[in-house]
Amino acid sequence: MSLAGIFLITFLLVHLGINLLVILNEDPMVFNRAAHFMGTNKVIKIFEIVLFGGFLLHIIYALILQVQNWLARPKRYHKMTRSDTSAFSRWMIHTALIVFAFLAIHLADFYFKAKFGDVGETSEEGVHDLASLIIDKFQMPGFVIFYVASFIFLGFHLIHGFQSAFKTLGLNNKTYTPVIQVLSILYTIIVVGGFTAIPIVIYFQ
Amino acid sequence: MDLKLKIWRQKNASERGRFVNYKISNISPDSSFLEMLDVLNEELISFGEEPVVFDHDCREGICGTCGMYINGRPHGPDELITACQLHMRKFRDGETIVIEPWRARAFPVIKDLMVDRSAFDELMQDSGYVSVNTGNAPDANTIPVQKEQADLSMDAATCIGCGACVAACKNASAMLFVSAKVSHLALLPQGRVEAKKRAALMVAKMDALGFGNCTNTGACEAECPKGIKLTNIARLNREYYKASIF
């Protein structure tokens with residue numbers, strides 16, 4: 001669970017780095033070429049399978065553990081907890097469901113379209129014009145709001161998940177845990193800020 | 001003080017329980033929470049009703065027998081204490097206090113606020129001990145133990161097994177309890193030998209008893225009357241990984 005989580009955390013950074021090319025570079029071909037490379041390179045293709053495995057492992061493990069956790073308390077308390085805990089940690093499965101719904105829509109909109117759909121080709125052979133597809137999608141305000149909202153929920157998931165993963169792996173002490181907690185907030189700000197900036201910048205361009 | 005009490009009443013393990021509302025007056029703010037319940041029970045007995053059953057023993061905060069879920073928190077609205085050390089001055093005059101038993105599949109209700117915590121005993125009986133021969137009591141200072149290790153071990157050993165960690169945990173997990181037991185033995189030479197094996201066995205037993213899993217929410221640490229730290233859980237995990245990998 002924690003290892004798969006940390007793997008997905010690193011994946012998000014890679015994904016963000018490539019996506020930012022859409023708004024950071026005037027020439028859409030830079031992003032298109034990067035996307036082409038990610039879609040065709042042999043090593044990346046193997047990692048794609050590993051990535052799907054990571055998602056699957058994280059989701060299946062989460063479902064098993066969550067069901068066990070619910071079964072561990074068949075009768076719930078009448079009074080809501082007032083224990084001093086972070087709300088993010090208490091709502092992990094709920095933020096997860098929102099992120100999962102987003103993931104399904106996101107894959108249908110971009111990933112499967114790029115793989116199997118008909119995305120217009122650019123002047124370069126074999127390179128599809130994904131930049132235009134993204135820019136077109138984010139002209140719709142509803143779509144922009146949906147993306148921004150989803151990433152805020154992903155942020156809630158990450159802010160607990162990032163530091164919790166290290167604790168589960170046995171790393172929790174006075175020296176490292178405060179550093180990890182700061183890192184988890186920084187990472188969340190970068191990921192949520194970066195991913196939400198893309199639709200917002202495209203919409204207002 | 002005048003108070004409204006909303007208390008879980010349940011005749012026995014098999015019967016469905018329900019909340020019953022009581023009014024109680026003239027409670028001294030200096031009385032303890034359990035003394036307040038004693039006053040209520042005296043009144044109930046004088047009316048010929050069944051008193052509210054709750055666990056209690058030393059009333060000094062050291063035995064771990066008392067324990068109830070008071071207004072959304074195990075052991076009530078105060079830090080680092082058990083329910084018997086909770087005082088009525090922590091409540092407002094006229095306040096409604098909701099009192100529930102610990103809720104966990106592994107801790108079935110016996111009657112009213114009393115739950116069966118023998119799952120903790122079963123855990124200890126299963127593997128929470130030292131089984132290697134450690135010989136006679138050694139002379140003082142013949143086995144050097146670092147002060148830090150000894151302190152951490154003693155901190156973990158202060159666990160009184162009250163079950164507040166399980167009650168507070170949103171997953172009804174016993175990880176803080178198990179980690180305290182594993183830690184206090186693993187940090188000292190006699191317990192060190194079997195540390196890995198003990199961690200693996202206790203985790204397996206904990207799962208078999210129907211406790212949930214740890215999600216590092218930290219409610220256990222926040223509610224533990226003895227201030228057992230989450231870092232113990234990380235130590236338990238380290239021992240567990242060592243047992244499964246090596």
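Throughout, a residue's number is its position along its own chain's written sequence, starting from 1. Working convention: letters from A go to chains and numbers from 1 go to ligands, in the order in which they are written. At least 70 in pLDDT is required for a residue's local features to be given in this predicted model, at least 80 for side-chain atom pairs to be given and counted, and no such filter applies to totals for whole chains, interfaces and linings, which use all residues. Side-chain calculation: all heavy atoms of the structure are included, whereas hydrogens and water are not.

1. Side note on the overall build of chain B
- Tallying secondary structure elements over chain B gives nine helices and seven strands in all.
- By principal-axis analysis of the C-alpha atoms, chain B measures approximately 60 × 40 × 35 Å.
- Only protein chains enter the accessibility calculation, which uses a 1.4 Å probe; a residue is then buried when its area is under 20% of its type maximum, exposed when over 50%, and partly exposed in between. The buried share among the 246 residues of chain B stands at 50%.
- Every accessible area reported is derived by Shrake-Rupley at a probe size of 1.4 Å, with residue values counting cover from the shown protein chains alone. When the accessible area of chain B is evaluated, it comes to approximately 11,400 Å², of which 50% is carbon and sulfur surface.
- Counted charges follow a simple rule, with Lys and Arg positive, Asp and Glu negative, and His plus the chain ends left uncounted. Where a charge lies is defined by one atom per residue type: Lys uses NZ, Arg uses CZ, Asp uses CG and Glu uses CD. For chain B, the distance from the average position of its 29 positive side-chain charges to the average position of its 31 negative side-chain charges is 6 Å. What counts as a helix is a DSSP run of H or I of at least four residues, what counts as a strand is a run of E of at least two, and both are numbered from the N terminus.

2. Describing the layout of surface pockets
- A 1.4 Å probe that fits but cannot get out identifies a cavity on a 1 Å grid over protein atoms alone, an open set with protein on both sides within 12 Å along at least five of seven lines counts as a pocket, and a residue lines either if it has an atom within 4 Å of a point. Grid points are joined across faces, edges and corners, and a volume is the space filled by probe spheres set on the points. When its volume is computed, the second largest pocket comes out at roughly 820 Å³.
- Every residue lining the second largest pocket is counted, 34 residues in all, and those nearest its centre are Asn172 of chain A together with Glu221, Lys229, Leu230 and Thr231 of chain B.
- Secondary-structure elements contributing two or more residues to the lining of the second largest pocket are helix H4 (87–90), helix H7 (141–168) and helix H8 (176–204) of chain A together with helix H3 (147–157), helix H8 (219–223) and helix H9 (231–245) of chain B.
- In the scheme used here, Gly and all other residues not listed as nonpolar or charged are polar, with Ala, Val, Leu, Ile, Met, Phe, Trp, Tyr, Cys and Pro taken as nonpolar and Asp, Glu, Lys and Arg as charged. For the lining of the second largest pocket, the residue count by class is eight nonpolar, 16 polar and 10 charged.

3. Observations regarding the sheet that holds strand E4 (residues 73–74) of chain B
Residue and element names in this part refer to chain B.
- The mixed open sheet is built from five strands, whose spatial order is E2-E1-E5-E3-E4. In this open sheet, the two strands that pair with only one neighbour each are strand E2 (18–24) and E4.
- The pairing of strand E1 (residues 3–9) with E2 spans seven bridges and is classified as antiparallel. Its bridge partner lying in E2, Leu3 is registered against Ile24.
- Here, two residues are considered to be in contact whenever any of their heavy atoms come within 4.5 Å of each other. Axis geometry follows a simple rule: fit a line to the C-alpha atoms, using only the stretch in contact for helices, then measure angles between N-to-C directions, giving values from 0 to 180 degrees. Sheet contacts for helix H1 (residues 33–46): E1, E2, strand E3 (69–70) and strand E5 (96–100); angle to E2, the most-contacted strand, approximately 90 degrees. A strand pair is defined by DSSP finding two or more bridges across the two strands.

4. Side note on a nonpolar patch on the surface
All names here are of chain A.
- On the surface, Leu13, Val179, Val182, Leu183, Leu186 and Ile190 cluster together into a nonpolar patch covering about 520 Å² of accessible area.
- The leading source of residues in the nonpolar patch is H8, at five residues.
- Counting through the fold element by element, Val182 comes out in helix H8. Residues enter patches when they are more than 30% accessible in relative terms and free of salt bridges; like-charged ones are connected within 9 Å and nonpolar ones (Val, Leu, Ile, Met, Phe, Trp, Tyr) within 5 Å. Salt-bridge detection follows one rule: a side-chain nitrogen of Lys or Arg within 4 Å of a carboxyl oxygen of Asp or Glu.

5. Re the environment of Val201 of chain A
All names here are of chain A.
- Mapped onto the elements, Val201 comes out in helix H8.
- Given a relative accessible area of 31%, Val201 falls into the partly exposed group.
- In this structure the C-alpha to C-alpha distance between Val201 and Leu24, which are 177 residues apart in sequence, comes to 9.9 Å.

6. Some details on the confidence of the model for chain A
- Per residue, pLDDT measures the predictor's confidence, with a range of 0 to 100. The pLDDT averaged across chain A works out to 94; a share of 100% of its residues lies at or above 70.
- Predicted confidence in chain A is weakest over helix H6 (residues 130–137) of chain A, with a mean pLDDT of 91, and strongest over H7 of chain A, with 97.

7. Notes on empty space enclosed by the protein
Residue and element names in this part refer to chain B.
- Within the structure shown, the criterion is met by two cavities of 30 Å³ or more.
- Here the largest cavity defines a volume of roughly 150 Å³.
- Contributing elements (two or more residues each) for the lining of the largest cavity: helix H4 (164–168), helix H5 (175–186) and H8.
- Tallied by class, the residues present in the lining of the largest cavity amount to nine nonpolar, seven polar and two charged.
- Each pocket or cavity is described by its volume, and for the second largest cavity that value is around 100 Å³.
- Cys159, Cys162, Cys165, Cys224 and Pro225 are the residues nearest the centre of the second largest cavity, which is lined by 14 residues in total.
- Looking at the lining of the second largest cavity, the elements that each hand over two or more residues are H4 and H5.

8. Things to note about the interface of chain A and chain B
- Counting from both sides, the interface comprises 29 residues of chain A and, opposite them, 39 residues of chain B.
- Summed over both partners, the accessible area (1.4 Å probe) lost when two parts come together is defined as the buried area. Counting the surface lost from both chain A and chain B, the interface buries some 2,700 Å², and carbon and sulfur atoms represent 50% of this.
- Among the residues of chain A in contact with chain B, Asn69, Arg73 and Tyr77 of chain A are the three that bury the most area, contributing 23% of the side total.
- On the surface where chain A and chain B come into contact, there are zero salt bridges.
- By the criterion applied in these results, polar contacts are pairs of N or O atoms within 3.5 Å in which, for protein atoms, one can donate a hydrogen and the other can accept it, and in which residues neighboring in sequence qualify only through two side-chain atoms. Viewed at the interface, chain B and chain A are joined by 23 residue pairs in polar contact (both at pLDDT 80 or more).
- Listing elements by their share of the side of chain A that touches chain B, those giving two or more residues are helix H3 (42–71), H4 and H7 of chain A.
- Class assignment for the residues of the side of chain A that touches chain B results in eight nonpolar, 13 polar and eight charged.

9. Quick word on the domain arrangement of chain B
Residues and elements named next belong to chain B.
- For chain B, the assigned domains read domain 1 (3–100) and domain 2 (118–245).
- The gap between the C-alpha centroids of domain 1 and domain 2 is 30 Å.
- Between domain 1 and domain 2, a total of about 850 Å² is buried, with carbon and sulfur atoms accounting for 53% of that surface.
- Across the domain 1-domain 2 interface, the total number found is one salt bridge.
- For the salt bridge of Glu223 with Arg73, the shortest nitrogen-to-oxygen distance reads 2.8 Å.
- For the interface between domain 1 and domain 2, the tally reads two residue pairs in polar contact (both at pLDDT 80 or more).
- For the side of domain 1 that touches domain 2, the residue count by class is seven nonpolar, four polar and two charged. What fixes the domain bounds is an automatic or database domain assignment.

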